[in-house]
Amino acid sequence: MWEAESARAPLLFSEGNAAARIGLEREVRGWSTTELAARMTRAGVPMNQTAVWRIENGTPRRKITLDEALGFARVFELPLEELMSPPLANLDVEARRLVQEVVEAFTETQTAEDRLHHGVVATATYLAAHPEAGENLLVQFIRILGDGREAQGLWNHITEGSYY
């Protein structure tokens, strides 16, 4: 009984799912098959446009090697398990593009926040060791930012430790 049921159930992780996801993830990013092949090659997995097309559309579909699967996961910045899982139902290409855009912006924001935190901590540490430089540092922030209120707000974060 179990064997009959499992034969009818779709595979949760499969090469067919990976092929579908590769095509979908490529479309979401607006990449051509040529662009994806170039990105795979730069990631250390040499591939040409024809191979990408045959993986996505071939009859029979071109098999994906383990190295290629890992390369696709790396290029798309997805866990391998996610690449192998079926695309979510009721989520069209436009919705996926929006998700991709938000995730990329979120990641960029996190990186910028990490850089800001590092800079604030380093400046506060410098200021603690060189208190005589405080006024000149503030003047430099104002010059660079071009907005005294923003510079003062940033300065307050540094001197009051309110950013931490």
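Read on for an overview of the structure. If you're wondering where the values come from, they're calculated on a predicted model, not measured in any experiment.

### Some remarks on the overall build of the protein
Each helix and strand in the protein was counted, giving nine helices and zero strands. Start at the N end of the protein and walk to the C end: the helices and strands fall as α-α-α-α-α-α-α-α-α. Buried positions account for 30% of the 164 residues belonging to the protein. By sequence separation, contacts in the protein at least 24 residues apart represent 56% of the contacts at least 6 residues apart. Approximately 11000 Å² of the protein is accessible, and the part contributed by carbon and sulfur atoms is 56%.

### Concerning the pattern of salt bridges
The final tally for this structure, using the stated rule, is eight salt bridges. When the shortest N-O distance is used, the salt bridge between Arg-29 and Glu-25 registers 2.6 Å. On the basis of relative accessibility, which here comes to 16%, the residue Arg-29 falls in the buried class. Glu-68 is the partner of Arg-62 in a salt bridge, and the nearest nitrogen-oxygen pair spans 2.7 Å.

### A short note on a nonpolar patch on the surface
Residues Leu-66, Leu-70 and Leu-80 make up a contiguous nonpolar surface patch of about 250 Å² in total accessible area. Checked against the element boundaries, Leu-70 lands in helix H5 (residues 66-76). Overall, Leu-70 belongs to the partly exposed group, its relative accessible area being 38%.

### Remarks on H5
All buried positions along H5 are accounted for by Glu-68, Ala-69, Gly-71, Phe-72, Ala-73, Val-75 and Phe-76. Considering only its buried residues, H5 is in contact with helix H2 (15-28), helix H3 (33-42), helix H4 (49-57) and helix H6 (80-84). Glu-77 occupies a position one or two residues after H5 and carries a positive phi of about 55°.

### A few points about a negative patch on the surface
Where like charges cluster on the molecular surface, the negative patch consists of Glu-77, Asp-92, Glu-94, Glu-101, Glu-104 and Glu-108. Looking at the secondary structure, you find Glu-94 in helix H7 (residues 93-129).

### A closer look at the environment of Asn-156
Mapped onto the secondary structure, Asn-156 falls in helix H9 (residues 148-160). With sequence-adjacent residues up to four places away left out, Asn-156 is seen in contact with Gly-161 and Ser-162.

### A look at the packing of aromatic side chains
A full pass over the atoms with the stated rule returns three aromatic pairs. Centre to centre, the rings of Phe-141 and Trp-155 are 6.1 Å apart; their planes meet at 55°, and the pair counts as tilted. With Phe-141 in helix H8 (residues 134-145) and Trp-155 in helix H9, the pair connects residues that are 14 residues apart, well separated along the chain. Just as Phe-141 is buried, Trp-155 falls in that class too. Among the aromatic residues, ring-to-ring pairing joins Trp-31, Phe-72 and Phe-76 into one connected group. A cation sits over an aromatic face here: Arg-29 above Trp-31, 5.7 Å from the ring centre.

### Considerations on the nonpolar core
One broad rule of soluble globular proteins: the nonpolar side chains tend to lie buried together. Ile-22, Leu-36, Phe-72 and Phe-76 are the most contacted members of the largest nonpolar core, which totals 20 residues. Mapped by element, the contributors of at least two residues to this core are H2, H3, H4 and H5. By residue number, the principal contributor to this core is H5, which donates five residues. Val-120, Leu-138, Ala-151 and Trp-155 belong to the second-largest nonpolar core, a separate cluster that totals nine residues.

How each quantity is defined
- Chains are numbered independently. Their residues run from 1 in the order of the written sequence.
- It should be noted that, the model being predicted, local features are given only for residues of pLDDT at least 70 and side-chain atom pairs only at 80 or more, the latter also being counted only at that level, while totals for whole chains, interfaces and linings use all residues.
- To obtain the side-chain values, all non-hydrogen atoms of the structure were included, while hydrogens and water were left out.
- Each helix is a run of H or I in the DSSP string that is no shorter than four residues. Each strand is a run of E no shorter than two, and both are numbered from the N terminus.
- Exposure classes here rest on a 1.4 Å probe applied to the protein chains alone. A residue is buried below 20% of its type maximum, exposed above 50%, and partly exposed in between.
- Residue contacts follow a heavy-atom distance rule, with two residues in contact if any of their heavy atoms lie within 4.5 Å.
- A 1.4 Å probe and the Shrake-Rupley method give the accessible areas. Residues count as covered only by the protein chains that appear here.
- Salt bridges are counted wherever a side-chain nitrogen of Lys or Arg sits within 4 Å of a carboxyl oxygen of Asp or Glu.
- Patch membership is restricted to residues that have no salt bridge and whose relative accessible area is over 30%. Joining uses 9 Å for like charges and 5 Å for the nonpolar side chains Val, Leu, Ile, Met, Phe, Trp and Tyr.
- For this count, His and the chain ends are skipped, Lys and Arg are scored as positive, and Asp and Glu as negative.
- A charged residue contributes its charge at one atom only: NZ of Lys, CZ of Arg, CG of Asp or CD of Glu.
- Between 30 and 60 degrees the pair is tilted, below 30 it is stacked and above 60 it is edge-to-face, where a pair is any two Phe, Tyr or Trp rings, Trp via its six-membered ring, whose centres lie within 6.5 Å.
- Charge over a ring is defined by NZ of Lys or CZ of Arg lying within 6 Å of the ring centre and within 35 degrees of the ring normal.
- The nonpolar core is taken to be a set of buried Ala, Val, Leu, Ile, Met, Phe, Trp, Tyr and Cys residues, with the residues joined through side-chain atoms within 4.5 Å.

Honestly, it's all geometry; don't read function into it.
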